[in-house]
Amino acid sequence: MTLRGTIFSDAFEAIGIANYVFDTTAEEQASAARRLDAMMAQWDEEGITLGYTATDGDPQPDVEMTTPAYADDAIALNLALRLAPSFGKEPMPSVKGEAKRAYGLVVAKTLQTPAMHGTRVPIAGGGNWWRRLP
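For clarity, every value in this text was computed on a predicted model and none was experimentally measured.

S.K.: Residues and numbers for the side chain of Gln29, please.
M.R.: Topologically, Gln29 is positioned in helix 2 (residues 26–45). Note on Gln29: relative accessible area 16%, which makes it buried. In contact with Gln29, other than residues within four places in its own chain, are Phe8, Phe12, Thr24 and Pro59.

S.K.: So what about the packing of aromatic side chains? Which residues, and what values?
M.R.: In total, this model carries 2 aromatic pairs according to the counting rule given. Between Phe12 and Phe87, the ring centres sit 5.7 Å apart and the planes meet at 85°, which makes this aromatic pair edge-to-face. With a gap of 75 residues between them, Phe12 in helix 1 (residues 4–14) and Phe87 in the loop between helix 3 (72–83) and helix 4 (93–110) connect regions that are remote in the sequence. A residue is classified by how much of its surface remains accessible, and Phe12, at 1% relative accessible area, is buried. Judged by its relative accessible area of 23%, Phe87 falls in the partly exposed class. Between Trp43 and Tyr103, the ring centres sit 5.1 Å apart and the planes meet at 55°, which makes this aromatic pair tilted. Of this pair, Trp43 sits in helix 2 while Tyr103 sits in helix 4; the two residues are 60 residues apart in sequence, bridging distant segments of the chain. When its relative accessible area of 3% is taken as the criterion, Trp43 is described as buried. Note on Tyr103: relative accessible area 23%, which makes it partly exposed. Looking at Lys109, its charged tip hangs above the ring of Tyr70, at a distance of 5.2 Å from the centre.

Thresholds, definitions, all that
Residues numbered from 1 in each chain as written. Predicted model: local features only at pLDDT ≥ 70, side-chain atom pairs only at ≥ 80, totals over all residues. Heavy atoms only, no water. Helix = DSSP H or I, 4+ residues; strand = E, 2+ residues; numbered from the N terminus. Buried < 20%, exposed > 50% of the residue type's maximum accessible area, 1.4 Å probe, protein only. Contact = heavy atoms within 4.5 Å. Phe/Tyr/Trp six-rings, centres within 6.5 Å; stacked < 30°, edge-to-face > 60°. Lys NZ or Arg CZ within 6 Å of the ring centre and 35° of its normal.

Take it as geometry only, folks, not as evidence of what the structure does.
Take a look at the structure:
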């Protein structure tokens, strides 16, 4: 399992604000936590249910994420895209592309297609056409 602090570090690193160059403040960590909660709530509304447990904006960097490991990259990169404007940063095109690709993989893995239930009503024009052949 991945720690929340790792997701935050990956997101900050993706926009060029790594902890070894810039020290992020507690306020910035709390802002990242609030945005993460909001992003995951939005994804849940879109049908991308990953089992995320919201923390009401509390950063808690040492708490394990309740999401599957395959979604870590998508979460971190898309969080970076949401955090970048508040730091006056423009994400690199490669980060945008990777975020889109990772999000697409998570969507493909989590979205369920609704089951088609057959009916006894025939489709108009869908009869036994093979019996009409000469």
